[in-house]
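# Remarks on the overall topology
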Amino acid sequence: MQYISTRSKDKSASKRSFSQILLEGLAPDGGLYMPESYPVVTGQELDKWRSLSYAELAFEILGKFADDIPEKDLKMLAEKTYTPEVYRNVRNDDALDAITPLRLLEEKDGRKLMLLGLSNGPTLAFKDMAMQLLGNLFEYELKRQHAELNILGATSGDTGSAAEYAMRGKKGIRVFMLSPYRKMSAFQTAQMFSLQDPNIFNIAIEGVFDDCQDIVKAVSNDLEYKARQKIGTVNSINWARVVAQVVYYFRAYLMATTGNEEKVSFTVPSGNFGNICAGHIARMMGLPIDRLVVATNENDVLDEFFRTGVYRVRKSEETWHTSSPSMDISKASNFERFVYDLLGQDGERVNGLFRQIETKGFFDLSGQYGSDGNEFPQVKNYGFESGKSTHADRIETIRFVQKEYGITIDPHTADGIKVAREHQRKGVTMIVLETAQAAKFNETIFEALSRNAARPAGFERIEELPQRFTVMPIDDGEVKKFIAERTGL
Ligand SMILES: *Cc1c(COP(=O)(O)O)cnc(C)c1O
């Protein structure tokens, strides 16, 4: 399997293998890596997969994309990653042996509503599903190349902690994670800062999240420094993260159905379009998905696109801080992957559109035709729908789900359930992806239910653990110096 950039003009030119793109971010032309073609999964294969464990299924699917990693090594990596010990934060009423428990919420008039639990990993958010694999893949690949990597990132909460818990104790890897000092929730802060692993460095910047991101950009733009210090990232455009997420769409389908003639739909609480992009890829591989429903919060860039055909990125003053903060985005960094398929994998056209984003801030596909011959926005063969949820919807949905189904959901998952209920169809099971556990966002739970969210075992007194972090002013020079002193490079 070879990979090409979404912006490549000459498809034969710049092909790369899975291991080559594993440690890279953007392609040199500014595009995102995509497989040259999608591997197709037959009905027969799908039937065979019904009896597999999560780790075995992950091995089968990853093998189709990472065919330059020897099979026995890939098997070892999948088995090491997808264990009940890693994904142990299941709730009392979930099956203990399931990595991704699927729960029936409701069955009414031939409409099933189900919830797929994806947040049982170490940081209680779905990002662990891919990030834990990434940690093991990185360690494996760096060892093979006799190389080392220093990961530099900025976080407002979820991504940073998922990355740190995936990379802690890994050989050849250090993590330097910038976060806004005293701006994360007490729980998120404790989760990150209580890590004592010598390869994890938490840097608390005396500023806001944007300041942290600007420092990362400034450091990365110093190409000489970046090369010498072997700086890399783990952001959501990493292809291996997207592929790892494809696995649970298959898994959910196989758990929800008894035969391959059945179709299911998925609703996905979305920000950077990484999670739902994996659903799109699963469908391109042949998984019988009816609809993929994008759920956004007040930051409705994606909902606007799927309703109107206009993709307009937001300025920072138009980007709201909401009670589902992990979906607070001004643009969706993985969206370009979908647009590439939508336009019949025409790299030149994708290049033109995203250039236009840089100059004008938007592009408009309404009235144009997609590769399926349908006029936009009715791109029927791609089967996308969308909806939006607000703070009031979130609160109401958390209350409703507690009352009707007896479980406490987090605010992001609440956005998903609110939108899913508006898009259910007779005879098609609707599966909502749960993206975090309620304990992570207790403030909103308290507002909705007037009580605290229960915490999984081991998290009860996390705020009281000793913390290890360094406070720094908004100064990329200081960050550079700090990193160089730790790496000795
Ligand atoms: C990251 C995140 C999302 C958004 O996922 P994308 O892949 O960026 O669309 C939603 N909910 C939670 C809890 C997250 O951490």
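None of the values given here were measured: they were computed from a predicted structure.

## Remarks on the sheet that holds strand S8 (residues 231-232)
Strand order in the open sheet formed by five strands is S8-S5-S6-S7-S15, with parallel pairing between adjacent strands. Strands at the two margins of the open sheet, each flanked by one partner only, are S8 and strand S15 (470-472). Here strand S6 (residues 173-180) runs beside strand S7 (residues 200-205); their pairing, made up of six bridges, is parallel. In the strand pairing of S7, Phe176 is matched with Phe201. On top of the sheet, helix H6 (residues 158-167) reaches strand S5 (149-154), S6 and S7; it is set at about 160 degrees to S6, its chief contact. Most of the contacts of helix H18 (residues 476-487) go to S6, to which it runs at about 155 degrees, and overall it touches S5, S6, S7, S8 and S15.

## Points about the UniProt feature "domain: Threonine synthase N-terminal" (unreviewed entry) in the protein chain
The UniProt record annotates "domain: Threonine synthase N-terminal" (unreviewed entry) at residues 2-82. A helix fraction of 43% and a strand fraction of 7% characterise residues 2-82, whose end C-alpha atoms lie 26 Å from each other.

## Description of H18
Compared with an ideal rise of 1.5 Å per residue, which puts 12 residues at 16 Å, H18 spans 17 Å between its outermost C-alpha atoms and is within 8% of the ideal. Buried within H18 are the following residues: Val479, Lys480, Phe482, Ile483 and Thr487. Seen end-on, H18 carries its buried residues on one side only, within an arc spanning 160 degrees. Relative to its buried face, H18 has exposed residues pointing more than 90 degrees away, namely Lys481 and Glu485. For H18, the N-terminal cap is Asp475; the gap from its side-chain oxygen to the backbone nitrogen of Gly477 is 2.8 Å. Of the residues one or two after H18, Gly488 is the one with positive phi, at around 70 degrees.

## Re the nonpolar core
If you look at the biggest cluster of nonpolar residues, it comprises 110 residues, and the most contacted ones within it are Tyr249, Phe250, Phe273 and Phe335. In this structure Phe335 touches Asn272, Phe273, Leu302, Phe305, Phe306, Tyr311, Phe354 and Phe363, once residues within four positions along its chain are discounted. Listed in part, the 22 residues of the second largest apolar core include Ile395, Tyr405, Val419 and Ile445.

## A short note on the pattern of salt bridges
Throughout the structure, instances matching the rule amount to 32 salt bridges. Two residues, Arg174 and Glu148, come together in a salt bridge whose shortest N-O distance is 3.3 Å. Taken together, the residues span a long stretch of sequence, with Arg174 in strand S6 and Glu148 in the loop between helix H5 (127-144) and S5 at a distance of 26 residues. Here Glu304 makes a salt bridge to Arg312, at a shortest N to O gap of 3.8 Å. The exposure class of Glu304 is buried, given its relative accessible area of 17%. Classification of Arg312 by relative accessible area gives partly exposed; the value is 29%. Shared partners join several salt bridges into a network, and the residues in it are Asp300, Glu304, Arg312, Arg314, Glu318 and Lys388.

## Focus: the sheet that holds strand S14 (residues 429-434)
Across the sheet, six strands lie side by side as S3-S4-S14-S9-S10-S13; this open sheet has mixed pairing. Each edge of the sheet is formed by a strand with only one pairing partner; in this case those strands are strand S3 (102-108) and strand S13 (384-388). Neighbour-to-neighbour, the strand axes of the sheet open up by a mean angle of 20 degrees, direction not taken into account. Summarising the sheet, S3 and strand S4 (residues 111-117) pair through six bridges and their orientation is antiparallel. Of the residues in S4, the one forming a bridge with Arg103 is Leu115. Packing against the sheet, helix H11 (residues 274-284) makes contact with strand S9 (264-269), strand S10 (289-296), S13 and S14, and its axis sits at approximately 170 degrees to S10. Helix-sheet contacts for helix H16 (residues 411-421) involve S3, S4, S9, S10, S13 and S14, and the interaxial angle to S14 is about 165 degrees.

## What to know about the site of the ligand
Inspection of the region around the ligand gives 15 residues, with Lys127, Asp158, Gly271, Asn272 and Asn275 positioned closest. Between the ligand and Lys127, the relevant distance is 2.5 Å, taken from an oxygen atom to a side-chain nitrogen or oxygen of the residue. One of the backbone N or O atoms of Asn272 is found 2.7 Å from an oxygen atom in the ligand. When isolated, the ligand has an accessible area of 390 Å², and the protein chains bury 96% of it. Looking at the shell around the ligand residue by residue, the classes come out as five nonpolar, eight polar and two charged.

## What about the side chain of His423?
Relative to the helices and strands, His423 resides in the loop between H16 and S14. Owing to a relative accessible area of 17%, His423 belongs among the buried residues under this scheme. Polar side-chain contacts of His423 include one of 2.8 Å to the side chain of Glu385. One polar contact links the side chain of His423 to the main-chain carbonyl oxygen of Ser386, over a distance of 3.2 Å. Here His423 is in contact with Val293, Glu385, Ser386, Gly387 and Met430, once residues within four sequence places are set aside.

## Points about helix H14 (residues 347-360)
Taking 1.5 Å of rise per residue, the 14 residues of H14 would be expected to cover 20 Å, and the 20 Å separating its terminal C-alpha atoms lies within 8% of that figure. The set of residues buried in H14 consists of Gly347, Val350, Asn351, Leu353, Phe354 and Ile357. The arc that holds every buried residue of H14, seen down its axis, measures 170 degrees, which confines them to one face. Facing away from the buried side of H14 by more than 90 degrees, the exposed set consists of Thr359 and Lys360. If you follow the buried residues of H14, they end up packed against strand S11 (310-312), helix H13 (335-342) and strand S12 (362-364). One or two positions beyond H14, positive phi appears at Gly361, with a value near 90 degrees.

## What about the pairing of S13?
With four of five residues buried, S13 is to be regarded as a mostly interior element. Taken together, the five bridges between S10 and S13 define a ladder with parallel strand orientation. Among the inter-strand pairings, Ala295 is bridged to a residue of S13, identified as Gly387.

## Notes on the packing of H13 against H14
At a closest axis distance of 9 Å, the pairing of H13 and H14 adopts a crossing angle of 135 degrees. As far as their axial angle goes, H14 and H13 are oblique. As for how H13 packs across H14, the hand of that crossing is right-handed. Where H13 abuts H14, its residues Phe335, Glu336, Val339 and Tyr340 lie against Gly347, Val350, Leu353 and Phe354. Here the residues of the contact of H13 with H14 sort into six nonpolar, one polar and one charged.

About the criteria used
Residues numbered from 1 in each chain as written. Predicted model: local features only at pLDDT ≥ 70, side-chain atom pairs only at ≥ 80, totals over all residues. Heavy atoms only, no water. Pairing = 2+ DSSP bridges. Helix = DSSP H or I, 4+ residues; strand = E, 2+ residues; numbered from the N terminus. Contact = heavy atoms within 4.5 Å. Axes fitted to C-alpha atoms, helices over the stretch in contact; angles between N-to-C directions. UniProt positions renumbered as here; feature names shortened; annotations may be inferred. Expected span 1.5 Å × (residues − 1). Buried < 20%, exposed > 50% of the residue type's maximum accessible area, 1.4 Å probe, protein only. Arc of directions from axis to C-beta. Polar contact = N/O pair within 3.5 Å; in protein donor to acceptor, adjacent residues only side chain to side chain. Core = buried A, V, L, I, M, F, W, Y, C linked by side-chain atoms within 4.5 Å. Salt bridge = Lys/Arg side-chain N within 4 Å of Asp/Glu carboxyl O. Near = heavy atom within 4 Å. Areas by Shrake-Rupley, 256 points an atom, 1.4 Å probe, with all protein chains shown as cover. Nonpolar A, V, L, I, M, F, W, Y, C, P; charged D, E, K, R; others polar. Parallel < 35°, antiparallel > 145°, perpendicular 65-115°, else oblique. Left-handed = near helix turned anticlockwise from the far one by under 90°.

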